[in-house]
Amino acid sequence: MTISTAKSAFWKGVRDSAPFVLVSGPFGLLFGVLAAEAGLNVLEAMSFSLAVFAGSAQFTALQLMQEHTPTLIVLISALAVNLRVAMYSASLTPYLGDAPLWQRACAAYLTVDQAYALSMIEFERRAEWGTRERMAYFFGTNGLVAPAWMAATITGALVGASIPDSLGLDFVLPIAFLAMIGPMLRTPAHVVACFTACAVSLPATLMPYNLGLIIAGIAGMMAGAQAEVWFERKSAAAEAEQ
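Throughout what follows, the structure given in this document is the object of discussion.

A word on the nonpolar core
Okay, so step 1: Of all hydrophobic cores here, the largest spans 40 residues; its most connected members are Phe 31, Phe 53, Leu 92, Phe 138 and Trp 149.
Okay, so step 2: Contributions of two or more residues to this core are made by helix H1 (2-17), helix H2 (21-37), helix H3 (42-52), helix H4 (55-66), helix H6 (83-96), helix H8 (113-125), helix H9 (131-140) and helix H10 (145-159).
Okay, so step 3: The residues contacting Phe 138, other than those within four sequence positions of it, are Leu 92, Leu 96, Ala 107, Leu 110, Thr 111, Ala 115 and Ser 119.

What follows is the structure in structure tokens.
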């Protein structure tokens with residue numbers, strides 16, 4: 001029964017993640033194209049995707065590399081973009097922390113936005129699931145997306161600049177993040193963090209080396225944390241008055 005449940009959980013993850021292929025495909029294609037335009041060959045572009053497997057960090061690093069940004073700034077910026085993954089990992093630990101080390105290592109590599117968003121929603125709904133079923137579902141959420149990302153990267157690197165600008169592939173990036181972030185703004189603190197980061201990011205675009213992205217992210221996290229403390233105190237005070 002456990003094996004059957006784990007298998008069904010895996011395939012449910014595959015089905016739930018299927019719509020994200022429509023995003024990861026063009027997203028990976030765009031990265032492959034930009035990598036080719038930046039002078040990377042197919043093997044280098046593919047190795048980039050395999051080693052990093054984090055679209056936003058890859059785009060950030062690639063853009064900075066094209067601008068001949070110092071290597072240290074490239075690394076710091078890419079890490080800053082991916083700081084959210086550390087928070088994802090902390091949130092997933094209560095659900096996946098009992099899994100074998102090799103499974104947790106694989107899960108760490110595959111911890112990306114759509115896998116986290118889908119998994120957290122499903123884990124909260126499926127209280128009857130054990131670690132085995134949760135891990136199977138988590139891997140399932142990458143069953144289609146990861147291969148699609150890699151295949152699209154290779155395709156983009158091969159076709160290079162032959163894709164016309166009129167397709168507007170660069171618009172896929174903000175659409176992808178809006179689709180994933182929107183359903184996760186479930187508390188006032190989340191909303192405060194989101195809109196603070198957005199507000200700060202606009203004037204911060206004037207900063208060199210995309211450092212504005214780091215500043216906006218830090219501002220959003222600080223505002224969200226402070227808002228959560230304020231809302232908790234307000235709620236506690238309201239309960240005390242009753």
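Regarding a nonpolar patch on the surface
Okay, so step 1: A contiguous nonpolar patch, built from Leu 83, Met 87, Ile 218, Met 221 and Met 222 and spanning about 470 Å² of accessible area, is present on the exposed surface.
Okay, so step 2: Going through the elements one at a time, H6 and helix H13 (211-241) are the ones with two or more residues in the nonpolar patch.
Okay, so step 3: When residues in the nonpolar patch are grouped by element, the largest group, three residues, is from H13.
Okay, so step 4: Classification of Ile 218 as partly exposed rests on a relative accessible area of 39%.

As for H10
Okay, so step 1: Between the first and last C-alpha of H10 there are 21 Å, a value that for 15 residues agrees with the 21 Å anticipated at 1.5 Å per step.
Okay, so step 2: Among the residues of H10, Val 145, Ala 146, Ala 148, Trp 149, Met 150, Ala 152, Thr 153, Gly 156 and Ala 157 are the ones counted as buried.

Examining the packing of H6 against H9
The relative placement of two packed helices comes down to the angle between their axes together with the axis-to-axis distance.
Okay, so step 1: The N-to-C vectors of H6 and H9 enclose an angle of 135°; their axes lie 9 Å apart at closest approach. Put simply, H6 runs oblique to H9. Along the contact surface, H6 presents Leu 92, Tyr 95 and Leu 96, while H9 presents Thr 131, Arg 134, Met 135 and Phe 138.
Okay, so step 2: Split into classes, the residues belonging to the contact of H6 with H9 amount to five nonpolar, one polar and one charged.

Examining the pattern of salt bridges
Okay, so step 1: Going through the model one piece at a time under the given rule, you end up with five salt bridges.
Okay, so step 2: Linking Lys 12 and Asp 16 is a salt bridge whose minimum nitrogen-to-oxygen distance equals 3.4 Å. On the criterion of helical spacing, the pair formed by Lys 12 and Asp 16 is a turn pair, its members being four residues apart in helix H1.
Okay, so step 3: Residue Lys 12 is classed as buried on the basis of its relative accessible area of 17%.
Okay, so step 4: A salt bridge links Arg 126 to Glu 122; the shortest N-O distance between them is 2.9 Å.
Okay, so step 5: The class for Arg 126 is partly exposed, based on a relative accessible area of 25%.
Okay, so step 6: The exposure class of Glu 122 is buried, given its relative accessible area of 2%.
Okay, so step 7: Linked through salt bridges whose partners overlap, the residues forming this network are Lys 12, Asp 16, Glu 122, Arg 125, Arg 126 and Glu 128.

Considering the side chain of Gln 58
Okay, so step 1: Inspection of the secondary structure assignment puts Gln 58 in helix H4.
Okay, so step 2: Overall, the relative accessible area of 0% leaves Gln 58 in the buried class.
Okay, so step 3: Those residues in contact with Gln 58 that lie beyond four places of it in its chain are Phe 31, Phe 48, Ser 49, Val 52, Phe 53 and Trp 149.

Here we look at the packing of aromatic side chains
Okay, so step 1: Applying the stated criterion to the full structure yields 11 aromatic pairs.
Okay, so step 2: Arranged with centres 4.1 Å apart and planes meeting at 10°, the rings of Tyr 88 and Tyr 116 form a pair that is stacked. Within this pair, whereas Tyr 88 is found in helix H6, its partner Tyr 116 is found in helix H8, the two being separated by 28 residues in sequence. Like Tyr 116, Tyr 88 is buried.
Okay, so step 3: Relative to Tyr 137, the ring of Phe 123 has its centre 6.3 Å away and its plane inclined at 65°; by these criteria the two rings are edge-to-face. Note that Phe 123 is positioned in helix H8 and Tyr 137 in helix H9, a separation of 14 residues in sequence.
Okay, so step 4: Note on Phe 123: relative accessible area 2%, which makes it buried.
Okay, so step 5: Through successive ring pairs, a cluster of aromatic residues spans Phe 31, Phe 48, Phe 59 and Trp 149.

Thoughts on the side chain of Arg 134
Okay, so step 1: With respect to the helices, strands and loops of the structure, Arg 134 is situated in helix H9.
Okay, so step 2: The buried charged residue Arg 134 lacks any salt bridge partner; its closest oppositely charged side chain belongs to Asp 98, at an N-O distance of 6.3 Å.
Okay, so step 3: A polar contact of 3.2 Å, which involves the side chain of Arg 134, links it to the backbone oxygen of Tyr 95.
Okay, so step 4: In this view, Arg 134 contacts Tyr 95, Leu 96, Phe 123 and Trp 129; residues no more than four positions away in its chain are not counted.

So, how was this worked out
- Sequence positions are assigned chain by chain, starting from 1 and proceeding in written order.
- In keeping with the model being predicted, local features are shown solely for residues with a pLDDT of at least 70 and side-chain atom pairs are shown and tallied solely at 80 or more, while totals for entire chains, interfaces and linings include all residues.
- In computing side-chain properties, one takes all heavy atoms of the structure into account and sets aside hydrogens as well as water.
- What is meant by a nonpolar core is a set of buried Ala, Val, Leu, Ile, Met, Phe, Trp, Tyr and Cys residues, joined one to another through side-chain atoms within 4.5 Å.
- Relative accessible area decides the class of each residue, using a 1.4 Å probe on protein chains only: under 20% of the type maximum gives buried, over 50% gives exposed, and in between gives partly exposed.
- In this text, helices come from DSSP runs of H or I with a minimum length of four residues, and strands from runs of E with a minimum of two, each type numbered from the N-terminal end.
- Any two residues having at least one pair of non-hydrogen atoms within 4.5 Å are treated as being in contact.
- Without a salt bridge and with relative accessible area above 30%, a residue can belong to a patch; like charges are then joined within 9 Å and nonpolar side chains (Val, Leu, Ile, Met, Phe, Trp, Tyr) within 5 Å.
- Surface exposure here means Shrake-Rupley accessible area, sampled with a 1.4 Å probe, where a residue is shielded only by the protein chains that are shown.
- Take a side-chain nitrogen of Lys or Arg and a carboxyl oxygen of Asp or Glu: if they are within 4 Å of each other, that pair is a salt bridge.
- In this scheme, a helix's expected span is set at 1.5 Å multiplied by one less than its residue total.
- To get an axis, a line is fitted to the C-alpha atoms, and for a helix only the part in contact is used. The angle between two axes follows their N-to-C directions and goes from 0 to 180 degrees.
- Under this scheme an angle from 65 to 115 degrees is roughly perpendicular, one under 35 degrees roughly parallel, and one over 145 degrees roughly antiparallel; angles in between are oblique.
- Asp, Glu, Lys and Arg are counted as charged, while Ala, Val, Leu, Ile, Met, Phe, Trp, Tyr, Cys and Pro are counted as nonpolar; the rest, among them Gly, fall into the polar class.
- When two rings of Phe, Tyr or Trp (its six-membered ring) have centres within 6.5 Å they constitute a pair, described as stacked for plane angles under 30 degrees, edge-to-face for angles over 60, and tilted for the intermediate range.
- Only four residue types enter the charge count, namely Lys and Arg as positive and Asp and Glu as negative; His and the chain termini do not.
- Under the rule applied, a polar contact is a pair of N or O atoms within 3.5 Å (in protein, one hydrogen donor and one hydrogen acceptor; residues adjacent in sequence only if both atoms are side-chain atoms).

Bear in mind that shape data such as this cannot, by itself, settle questions of function.
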